[in-house]
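Examining the three-dimensional arrangement
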Amino acid sequence: MLDMIIKNGTVVTAESTFRADIGVKDEKIALIAAPGTIQEKAAKEIDAAGRYVMPGLIEPHMHVAAPFGGTIDVLDFYSASKCGAFGGVTSFMDFSTTVRGMSVMQAVKERLDEMSHAALDYSVHAKFVEANSKVIGEVKELIDFGVPTFKMFTTYPGVMIEDTDILRIMDEARRCGGLCGFHAESNPIAEFTREKLAAEGKLDWKYFNEAKPNACEAEAVQRILTFAEYLDAPVYFYHLSTKEAVEMVRHAQARGVKVQAETCGHYLTLTKEKNDSPDGINFLMSPPLRTDEDRMALWGALNDGTLSLVTSDNEAFTREQKESFLDRDENGNLIVDFRKPVNGTPGIEERFGLLMNAVNNGTITLNKLVEVGSTNPARVFGCYPQKGCLEVGSDADIVVVDPEKVMPLTAENMHYGLDYSLYEDVTSKGWPVVTIRRGEVLVEDGKFLGKESTGRFLARRL
Ligand SMILES: [Zn+2]
């Protein structure tokens, strides 16, 4: 007796598209067979006629329950599970909140403890903010524990790590088989441009992009690529946004540098003009939105394999929270200043729709959607083929997609509980109608059925 059969669907993987029925037993995919040929009975049957059956998406880049300057984003790991599941996500990864003087392993364990409330399977990337002998010694310990992926920032005093320390961590990660990932923005360029714009009184939202120009990303990416090439160490870039960075990664890959990189749904969909409006504050994220030329370069880079993942960098604040960082004039009006609000935008739920729209307009194939949203995240971050594919023996993380279902990506339709959406004017044709994590139905008929603390820690190995 099977636990579940998903019948009559069109199976879509990163490599191919074919008609098949899928049998699930004991949290795993037990059978993949020609339509109508599974004889065994099942406790639950899902008719997927006219629908796509895909591996669950993996969200490897988000910031949930992330405190910033006395406020904290609106999601916890359970509510984030709900938003994710509606958008076809079945596993997600966050970051440890490491501070100076702290054991990185301790920070990872504390974060995993918070994440244990999730309904999705979960993991964490270990954040390094310094490289003393104690934390260098923890690199191998983290890898053995199942957390082989690390994050470092080249900007933001307080979390940014010194260049020499980057080399130290990178070298040890290379030696032990870990992967260093970077938030790559140039701190010198960011500080210099902010000062300059402030002196000129240019603090409106529309100047945010100029405060972190393309060169700000490019300088840091080039520096990290030089380190990686020198040490022969693998590196990963979070949220690339510029044509310059993409070109550098492309050339480095051609030289044999072991570099992989992602972009995010918003850089593929939106441009900096969004900041030039009274709602510009809602579109403050780092790196900032870019030009249409950058946007098209990112799609090109996904299609030629230079970029291999699309993530959300989800960090959901209400407008009120963002505005709480601003001063008011004597009449009580907000004083606009792009330097002040917390950066970060929601996106874990919309990611599927943004990619589906690109399928519908011919920019990418459906197989590419699966590749960049599920299979490559699993491969790059070390949980393939347990996750990221539909194979016998893999976890039964499955999304059934109705290609005809129309979903306006409005605040009202999403589940963050926010009063705005970055995609108020974007509608997705094609949307997940059933989301299954390890054989358990999390979303069906527009309802969230997931239970708190049913997600499981995903030990990963590169
Ligand atoms: Zn991020």
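Below or above, wherever it landed, is the structure these notes cover.

Conventions used here
Residues numbered from 1 in each chain as written. Predicted model: local features only at pLDDT ≥ 70, side-chain atom pairs only at ≥ 80, totals over all residues. Heavy atoms only, no water. Helix = DSSP H or I, 4+ residues; strand = E, 2+ residues; numbered from the N terminus. Expected span 1.5 Å × (residues − 1). Contact = heavy atoms within 4.5 Å. Axes fitted to C-alpha atoms, helices over the stretch in contact; angles between N-to-C directions. Parallel < 35°, antiparallel > 145°, perpendicular 65-115°, else oblique. Left-handed = near helix turned anticlockwise from the far one by under 90°. Nonpolar A, V, L, I, M, F, W, Y, C, P; charged D, E, K, R; others polar. 1 Å grid on protein atoms, 1.4 Å probe; cavity = no way out; pocket = protein on both sides within 12 Å on 5 of 7 lines; lining within 4 Å. Points joined across faces, edges and corners; volume = space filled by probe spheres on them. Buried < 20%, exposed > 50% of the residue type's maximum accessible area, 1.4 Å probe, protein only. Polar contact = N/O pair within 3.5 Å; in protein donor to acceptor, adjacent residues only side chain to side chain. Pairing = 2+ DSSP bridges. Core = buried A, V, L, I, M, F, W, Y, C linked by side-chain atoms within 4.5 Å.

Between the first and last C-alpha of helix H8 (residues 243-255) there are 19 Å, a value that for 13 residues agrees with the 18 Å anticipated at 1.5 Å per step. Among the structural elements, helix H7 (214-231), strand E13 (235-237), strand E14 (259-264) and helix H10 (292-303) are those in contact with the buried residues of H8. Positive backbone phi, approximately 95 degrees, marks Gly 256, located one or two places after H8.

What follows covers the packing of helix H4 (residues 163-176) against H7. For the pair H4 and H7, interaxial distance at closest approach is 10 Å and the crossing angle is 40 degrees. By the angle between their directions, the pair H4 and H7 is classed as oblique. Taken as a pair, H4 and H7 cross one another with a handedness that is right-handed. On the side of H4, the interface is formed by Asp 163, Ile 166, Leu 167, Met 170, Asp 171 and Arg 174, while H7 contributes Arg 223, Ile 224, Phe 227, Ala 228 and Leu 231. The residue inventory of the contact of H4 with H7, partitioned by class, reads seven nonpolar, no polar and four charged.

Approximately 990 Å³ is the volume found for the largest pocket. Looking at the largest pocket, it is lined by 42 residues, and the ones nearest its centre are Phe 68, Phe 153, Tyr 156, Glu 315 and Asn 343. For the lining of the largest pocket, the secondary structure elements donating two or more residues are strand E7 (67-68), strand E9 (89-95), strand E11 (149-153), helix H5 (187-199) and helix H6 (208-211). For the lining of the largest pocket, the element with the highest residue contribution is H5, accounting for four residues. Per-class residue counts for the lining of the largest pocket are 17 nonpolar, 14 polar and 11 charged. Counted as a void, the second largest pocket has a volume near 190 Å³. The leading source of residues in the lining of the second largest pocket is helix H12 (residues 351-360), at five residues. Of the residues contributing to the lining of the second largest pocket, the split by class is eight nonpolar, five polar and two charged.

Next up on the list: the side chain of Ser 103. With respect to the helices, strands and loops of the structure, Ser 103 is situated in the loop between E9 and helix H2 (104-115). Its relative accessible area of 16% is what places Ser 103 among the buried residues. At 2.6 Å, the side chain of Ser 103 forms a polar contact with the side chain of Glu 138.

We now examine H10. Note: α-helices contain 3.6 residues per turn, so residues at a spacing of three or four share the same orientation. Here H10 contains 12 residues, and its C-alpha end-to-end distance of 17 Å stays within 8% of the 16 Å for a straight helix at 1.5 Å per residue. Two residues or fewer after H10 comes Gly 305, characterised by a positive phi angle close to 90 degrees.

Note that strand E1 (residues 2-12) and strand E5 (residues 52-55) share two bridges and pair parallel. Within the sheet, the bridge partner assigned to Val 11 lies in E5 and is Val 53. In this structure, E5 lies alongside strand E16 (residues 398-408), joined through four bridges in antiparallel fashion. Pairing of Val 53 across the sheet is with Val 400, part of E16.

The interhelical angle for the contact between H2 and helix H3 (residues 133-145), taken along N-to-C directions, is 40 degrees, at an axis separation of 9 Å. Taken as axis vectors, H2 and H3 run oblique relative to one another. The segment H2 lies against H3, with Val 104, Met 105, Val 108, Lys 109 and Leu 112 engaging Val 135, Glu 138, Glu 141, Leu 142 and Phe 145. Counted by class, the contact of H2 with H3 contains seven nonpolar, no polar and three charged residues.

Another aspect to go through is the nonpolar core. Membership of the largest hydrophobic core comes to 103 residues, with the highest contact counts inside it found for Phe 92, Phe 128, Phe 150, Met 170, Phe 182 and Phe 237. If you tally residues by element for this core, the top one is H7, at seven residues. Excluding residues that lie within four positions of it along the chain, Phe 150 makes contacts with Ala 126, Phe 128, Val 139, Leu 142, Ile 143, Ala 173, Gly 178, Leu 179, Cys 180, Gly 181 and Tyr 238. Judged by nonpolar contacts, the second largest core, of 18 residues, contains Ile 6, Ala 20, Leu 390 and Ile 436.

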